[in-house]
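Listed below, chain by chain, are the residues.
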Amino acid sequence: LASTGYGREQEQQDAAYMRECVELARQAIGHTSPNPMVGCVLVKEGKVVGRGFHPKAGQPHAEVFALREAGELAENATAYVSLEPCNHFGRTPPCSAALVRSRVKRVVVGMIDPNPKVAGSGVKTLQDAGIEVVVGVEEELCRNMNEVFIHHMCTNKPFVILRYSMSMDGGILGSLGFNAAVPGSSYSRLLQEVDAVVVTDAAVYNDPVLLSSEPNAKQPLRVILARFLFSLLAAPTMVLADQSAWVTNYQSTSMQDGKAMEHRLQARGVDVVMLEDLSLEQVLSVCYLQGAYSVLLDSRGPDLSGLENFLGQHAVREDVVNKLVVNISPVLLGENRTGPGFCLADDLLKLERVSTRVSGRDVIIEGYFPN
Ligand code: AOF
Ligand code: ZN
């Protein structure tokens, strides 16, 4: 009985330190791609003696920072790592060997590394050196944090998130909706997490928020789909600032006009990518080739060139979406729902005294009509 009690206490402690690893790892949110986020905590006699997280691809791994901080105190300590320690020479040397050299006694691992170059071999190296290894503590938390990395390793395709804002009468909103318009909102957090955000040309007139306002955010590659280059030339300059990619095709633009417009856009720092035909498969493969392993398809409502559908229903039908994020706003689109052009937030009927609750898996929104 006594030993079970101890075991349960140990399990709870292990889980708590693993959650700390995940929190540490998240400090690098958005910055580690194509690498995973990883956190590491070294614990000796109930005290944390070293902490580390992987800050960026090319820089040392989480374990290295934690071992550096602990120094000689690492001997006989327990190492908690949210991902199996690597066992290969990549941009950096193997962490499994570093842990063995530091003579840690026990290693607690969140999840096995899906990278075929690691895939269990890190755990084996540790065990062969006589180190006790526990695998799968807070595994779901660890896997959720690195859903993009896992997907990339298992499929060699980008992880695709489709998001849109919806009115209460079931129309797609051209603007971001109330909540998302506030800086520091979930939309801003989503932008800092993804490698690329894809919108259509209409979105850059309508609502040019394509940058995360989180502190120290890594900004996504911005991909704007357009059928015609001229529609991009008139876009507000602020949207074009910084690195941007416009994936477009010419269609009816003459070749000569096209070249001139392409040069004008390039002069504004815009990377113009021509696609033979505008297909989601092509768009995603260009993203992937540019190192975007997570892509946010940001659907922003009715669109003059009919591309919105392409990012919305079409994307779902093409079976490319891995995750759906839907924002329901307490507004009614009414007649604007079928009207042409953009639906600006001002045209909407906004409900008042809004409350939101969750009932099972449903979200219930209540609100009052303005007097
Ligand atoms: C760890 N700890 O903090 C991370 C790991 O090119 P490299 O050397 O950075 O290796 C990248 C691979 O190492 C990556 O694909 C993943 O398998 C693993 N990442 N492993 O032990 C870490 N970031
Ligand atoms: Zn490593």
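In every chain, residue numbers begin from 1 and rise along the written sequence. Lettering of chains starts at A and numbering of ligands starts at 1, both following the order in which they are written. In keeping with the model being predicted, local features are shown solely for residues with a pLDDT of at least 70 and side-chain atom pairs are shown and tallied solely at 80 or more, while totals for entire chains, interfaces and linings include all residues.

**Details of the overall build of the chain**
Alright, step 1. Each helix is a run of DSSP H or I of at least 4 residues and each strand a run of E of at least 2, with the numbering of both proceeding from the N terminus. Summing up its helical and strand segments, the chain has 15 helices and 16 strands in all.
Alright, step 2. Counting over 371 residues, the chain shows a buried share of 40%.
Alright, step 3. A residue pair is marked as a contact if its C-beta atoms, positioned from the backbone, fall within 7 Å. Of the contacts made within the chain by residues no fewer than 6 positions apart, 70% connect residues no fewer than 24 positions apart. We call a residue exposed when 12 or fewer other C-beta atoms sit within 10 Å of its C-beta, buried when the count reaches 20 or more, and partly exposed for counts in between; the C-beta positions come from the backbone.

**Structural notes on the sheet that holds strand β1 (residues 39–44)**
Alright, step 1. With respect to topology, five strands assemble into an open sheet ordered β2-β1-β3-β4-β5, the strand pairing being mixed. This sheet does not close on itself; its edge strands, each paired only once, are β2 (47–53) and β5 (132–135). Within this sheet the neighbouring strands show an average axis-to-axis angle of 15 degrees, counted without direction.
Alright, step 2. Here strand β4 (residues 106–109) pairs with β5 via four bridges, running parallel. Bridge pairing in β5 places V108 opposite V134.
Alright, step 3. Relative to the sheet, helix α2 (residues 62–70) contacts β1, β2 and β3 (78–81), its axis offset from that of β2 by approximately 140 degrees.
Alright, step 4. The axes are straight lines fitted to the C-alpha atoms, using for helices just the contacting stretch, and the angles between their N-to-C directions are given from 0 to 180°. The strands that helix α4 (residues 121–128) touches are β4 and β5; relative to β5, the one it contacts most, it runs at about 155 degrees. The rule for pairing is simple: two strands pair if DSSP sees at least two bridges between them.

**Overview of the site of ligand 1**
Alright, step 1. Using a C-beta atom placed from the backbone, a residue is described as near a molecule or strand when that atom lies within 6 Å of it. The local shell around ligand 1 holds 18 residues, among which V38, H54, H61, G90 and N115 are the closest.
Alright, step 2. Under this grouping Gly is polar, as are all residues other than the nonpolar Ala, Val, Leu, Ile, Met, Phe, Trp, Tyr, Cys and Pro and the charged Asp, Glu, Lys and Arg. Tallied by class, the residues present in the shell around ligand 1 amount to nine nonpolar, six polar and three charged.

**Remarks on the UniProt feature "domain: CMP/dCMP-type deaminase" (unreviewed entry) in the chain**
Alright, step 1. Here the UniProt-annotated "domain: CMP/dCMP-type deaminase" (unreviewed entry) positions come out as residues 12–134.
Alright, step 2. Strand forms 20% of residues 12–134 and helix 31%; the C-alpha atoms that close the span are 13 Å apart. UniProt positions are given in the numbering used here, feature names are shortened, and annotations may be inferred rather than shown by experiment.

**Quick word on the nonpolar core**
Alright, step 1. Membership of the largest hydrophobic core comes to 40 residues, with the highest contact counts inside it found for C21, A25, C40, A79, Y80 and V81.
Alright, step 2. Elements supplying a minimum of two residues to this core: α1 (2–25), β1, α2, β3, α3 (95–101), β4, α4 and α5 (139–145).
Alright, step 3. Considering every element that reaches this core, the biggest residue donor is α1, with six residues.
Alright, step 4. The residues touching C21, leaving out its near neighbours within four places in the chain, are G39, C40, V41, Y80, V81, S82 and G110.
Alright, step 5. In terms of nonpolar packing, the next biggest core, distinct from the first, is built from 34 residues, L162, V197, L284 and V295 among them. Core membership is restricted to buried Ala, Val, Leu, Ile, Met, Phe, Trp, Tyr and Cys residues, and these are joined into a nonpolar core through C-beta atoms within 7 Å.

**Side note on the environment of A98**
Alright, step 1. Checked against the element boundaries, A98 lands in helix α3.
Alright, step 2. Residues A98 and P85, 13 residues apart in the sequence, show an inter-C-alpha distance of 9.5 Å.
Alright, step 3. What A98 contacts, discounting residues up to four positions off in sequence, is E63, V64 and L67.

**A look at unusual backbone geometry**
Alright, step 1. With an omega of 5 degrees, the peptide bond running from S33 to P34 counts as cis.
Alright, step 2. Positionally, P34 belongs in the loop between α1 and β1.
Alright, step 3. One non-glycine residue with positive phi stands out, namely R103, at about 60 degrees.
Alright, step 4. Checked against the element boundaries, R103 lands in the loop between α3 and β4.

**Some words on the environment of E132**
Alright, step 1. Turning to its location among the elements, E132 is positioned in strand β5.
Alright, step 2. For E132, a count of 12 C-beta atoms within 10 Å translates into the label exposed.
Alright, step 3. Spatially, the C-alpha atoms of E132 and T78 are 9.3 Å apart, while their sequence positions differ by 54 residues.
Alright, step 4. Here E132 is in contact with K105 and R106, once residues within four sequence places are set aside.

**With respect to the confidence of the model for the chain**
Low-confidence regions, as indicated by low pLDDT, have predicted coordinates that should not be scrutinised in detail.
Alright, step 1. The score called pLDDT rates the predictor's confidence residue by residue, from a low of 0 to a high of 100. The pLDDT averaged across the chain works out to 83; a share of 81% of its residues lies at or above 70.
Alright, step 2. Within the model, the stretch residues 177–184 combines pLDDT values under 50 with 16 contacts to residues more than four positions away or in other chains.
Alright, step 3. Model confidence for the complex: the whole-complex pTM is 0.86, and ipTM, which rates the interface, is 0.98.

**With respect to the pairing of strand β15 (residues 352–359)**
Alright, step 1. For β15, the buried fraction is low: zero of the eight residues fall into the buried class.
Alright, step 2. The sheet contact formed by β15 and strand β16 (residues 362–368) spans six bridges and is antiparallel. Note that in β16 the partner of E352 across the bridge is Y368.
Alright, step 3. Between the antiparallel neighbours β15 and β16 lie two residues, among them G360 with a positive phi of about 60 degrees.

**Points about the pairing of β1**
Successive side chains on a regular strand alternate, one facing one side of the sheet and the next facing the other.
Alright, step 1. For β1, a buried count of five out of six residues is recorded, marking the element as mostly surrounded by other parts of the structure.
Alright, step 2. For β1 and β2, the ladder comprises six bridges, and the chain directions are antiparallel. In the strand pairing of β2, C40 is matched with G52.
Alright, step 3. Where β1 folds back onto β2 in an antiparallel hairpin, the turn is made up of two residues, including E45, whose phi is positive at roughly 50 degrees.
Alright, step 4. As defined by bridge partners, β1 adjoins β3 across four bridges and the pair is classed as antiparallel. Among the inter-strand pairings, V43 is bridged to a residue of β3, identified as T78.

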